[in-house]
Amino acid sequence: MVAALRTMRIVAVPLTRPSRRIQYLNNGQLSRYTYYQIQLPPKKLPASGVVNWATQKAADIWAGFGKAQGGWKLKTHQIGEKLIDRIEFEELELKKFDPSLAPSLKQLEKSPLPLKFPLLYPPSILSPTTALSDLRDLVELRIPRHRKGFFLWIFLSPFTAPFMLIPIIPNLPFFFCVWRAWSHYRAYKASKYLQTLLEHNLIEPQGSELLDQVYRTYRISPPLNWANVPSSTKTTSAVPTSAATEPSSPPKSKSSKLDFASADPEYTLLLGQEAVPALLSVFELQNDAIVSNDLNRAIDQTRTRLSIKS
């Protein structure tokens, strides 16, 4: 049992440095953009039930649309993929994580040994404290956003009923509303699960030399160096004045702003798409086309966000 519980891990891939031009957790923004990959035990089978059956059935139908030889099915698939590319990559990653397949809090409490799930991060970019606080900040932001999104799309779905009168073609607006509600619900449940782990101190930051090597090889801008910085759990709003210092945790006041006067004036993109194969190797998912696509989407979206803010 202990070995099975230890197989879950979280990989943090910072895509940007922080920005001094944002307000902490205001207007749906964080101090930095980060791609998180939550890896579950590979041999655990999916839970049975109507929801899982319907989810797999919908995925199969959608894949069939993509293989159609022209016609409205292929066109629908192409438009749908473009819409998916516009959904925040944070939501897409969270909704892929099913808490029902992960160890429950009761399982962890019954374990004969104290267990913590590793949060892998690049030490040249983050400190242990910052890696943990960034994940906590993400969870605090996503929970209300996905709760609101779920109720919004559930509310909108009945208004798509008139489209049922159109013959031959399915009620695509209705299915889209239901899918968006389901996506927000899954992301909400994943966020709540991570929040529970954080509240019970069950996530342990671990520096990854393999992940750090990716940044040393593919980084676009020089990362911050934590080699000579002692670990500390003390939160501070201090500002980095050299390459060896960085705020361990932003202030929690919604009215206060992060002071990055001595840091980069804007977000700085750290990795490009050429780093994706190396990241897949770190994840031990070299042949996973889905994760590759997700990473490329995250980098593309981050680059777009930076261009809008500049």
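In the block above lies the structure referred to throughout.
My aim in this report is to walk through the structure given alongside it, one point at a time. (Residues numbered from 1 in each chain as written. Predicted model: local features only at pLDDT ≥ 70, side-chain atom pairs only at ≥ 80, totals over all residues. Heavy atoms only, no water.)

**Examining a nonpolar patch on the surface**
A surface patch of nonpolar side chains, about 410 Å² in accessible area, is lined by Leu-152, Phe-155, Leu-156 and Phe-159. By secondary structure assignment, the location of Phe-155 is in helix H6 (residues 128-156). (Patch = residues over 30% accessible without salt bridge, like charges linked within 9 Å, V, L, I, M, F, W, Y side chains within 5 Å. Areas by Shrake-Rupley, 256 points an atom, 1.4 Å probe, with all protein chains shown as cover. Salt bridge = Lys/Arg side-chain N within 4 Å of Asp/Glu carboxyl O. Helix = DSSP H or I, 4+ residues; strand = E, 2+ residues; numbered from the N terminus.)

**Some remarks on the nonpolar core**
Grouped together as the largest cluster of nonpolar side chains are 54 residues, with contacts concentrated most on Val-13, Tyr-35, Leu-119 and Leu-197. Setting aside chain neighbours within four positions, we find Val-13 in contact with Thr-34, Tyr-35, Leu-211, Tyr-215, Leu-271, Leu-279 and Phe-283. (Core = buried A, V, L, I, M, F, W, Y, C linked by side-chain atoms within 4.5 Å. Buried < 20%, exposed > 50% of the residue type's maximum accessible area, 1.4 Å probe, protein only. Contact = heavy atoms within 4.5 Å.)

**Some points on the packing of helix H8 (residues 209-218) against helix H9 (residues 276-283)**
One can describe the packing of H8 onto H9 by two numbers: an axis separation of 9 Å at closest approach and a directional angle of 170 degrees. In terms of orientation, H8 lies roughly antiparallel with respect to H9. On H9, the residues touching Leu-210, Leu-211, Val-214 and Tyr-218 of H8 are Ala-278, Leu-279 and Val-282. A breakdown of the residues in the contact of H8 with H9 according to their chemical character gives seven nonpolar, no polar and no charged. (Axes fitted to C-alpha atoms, helices over the stretch in contact; angles between N-to-C directions. Parallel < 35°, antiparallel > 145°, perpendicular 65-115°, else oblique. Nonpolar A, V, L, I, M, F, W, Y, C, P; charged D, E, K, R; others polar.)

**Comments concerning empty space enclosed by the protein**
For the structure shown, the criterion picks out four cavities of 30 Å³ or more. Roughly 70 Å³ of volume is contained in the largest cavity. Leu-30, Ser-31, Arg-32, Tyr-33, Thr-34, Tyr-36, Glu-90, Asp-134, Asp-137 and Leu-138 are the residues that line the largest cavity. Those elements giving two or more residues to the lining of the largest cavity turn out to be strand S2 (34-39) and H6. Partitioning the lining of the largest cavity into residue classes produces four nonpolar, two polar and four charged. (1 Å grid on protein atoms, 1.4 Å probe; cavity = no way out; pocket = protein on both sides within 12 Å on 5 of 7 lines; lining within 4 Å. Points joined across faces, edges and corners; volume = space filled by probe spheres on them.)

**Comments concerning the packing of aromatic side chains**
Under the definition given, this model contains eight aromatic pairs. Between Trp-153 and Phe-176, the aromatic rings sit 5.5 Å apart at their centres with planes inclined by 85 degrees, giving edge-to-face as the arrangement. Residue Trp-153 is found in helix H6, and its partner Phe-176 is found in helix H7 (residues 172-199); the two are separated by 23 residues along the sequence. Residue Trp-153 is classed as buried on the basis of its relative accessible area of 19%. (Phe/Tyr/Trp six-rings, centres within 6.5 Å; stacked < 30°, edge-to-face > 60°.)

**A few points about helix H4 (residues 89-96)**
With seven of eight residues buried, H4 lies mostly within the body of the structure. Along H4, the residues that are buried comprise Phe-89, Glu-90, Glu-91, Leu-92, Glu-93, Leu-94 and Lys-95.

**Observations regarding the pattern of salt bridges**
Summed over the entire model, instances satisfying the criterion amount to twelve salt bridges. Among the salt bridges present, the one from Glu-90 reaches Arg-305, with a minimum N-O distance of 3.0 Å. With Glu-90 in helix H4 and Arg-305 in helix H10 (residues 289-309), the pair connects residues that are 215 residues apart, well separated along the chain. With respect to burial, Glu-90 and Arg-305 carry one shared label: buried. Its salt-bridge partner being Arg-303, residue Asp-300 comes within 3.5 Å of it at the nearest N-O pair. A residue pair is termed a helical-turn pair when its members lie 3 or 4 positions apart in one helix, as Asp-300 and Arg-303 do in helix H10 at three residues. Accessibility expressed as a relative area gives 36% for Asp-300, which makes it partly exposed. One network of salt bridges, in which partners are shared, links Asp-85, Glu-93, Lys-96, Asp-294 and Arg-297.

**With respect to H9**
Of all eight residues making up H9, six are buried, and the element is well covered by its neighbours. Along H9, the positions that sit buried rather than exposed are Val-276, Ala-278, Leu-279, Leu-280, Val-282 and Phe-283. Phi for Glu-284, located one or two positions after H9, is positive at around 65 degrees.

**Looking at unusual backbone geometry**
Phi angles above zero are rare outside glycine, and Asn-201 is one such case at about 55 degrees. Considering the arrangement of structural elements, one finds Asn-201 in the loop between H7 and strand S4 (203-207).

**A look at the pairing of S2**
By the criterion of burial, S2 is predominantly enclosed, with six of the six residues buried. With burial as the criterion, each face of S2 is covered, one bearing Thr-34, Tyr-36 and Ile-38 and the other bearing Tyr-35, Gln-37 and Gln-39. Examined bridge by bridge, strand S1 (residues 9-14) and S2 share six bridges and lie antiparallel to one another. Counted as the bridge partner of Val-13 is Tyr-35 from S2. (Pairing = 2+ DSSP bridges.)

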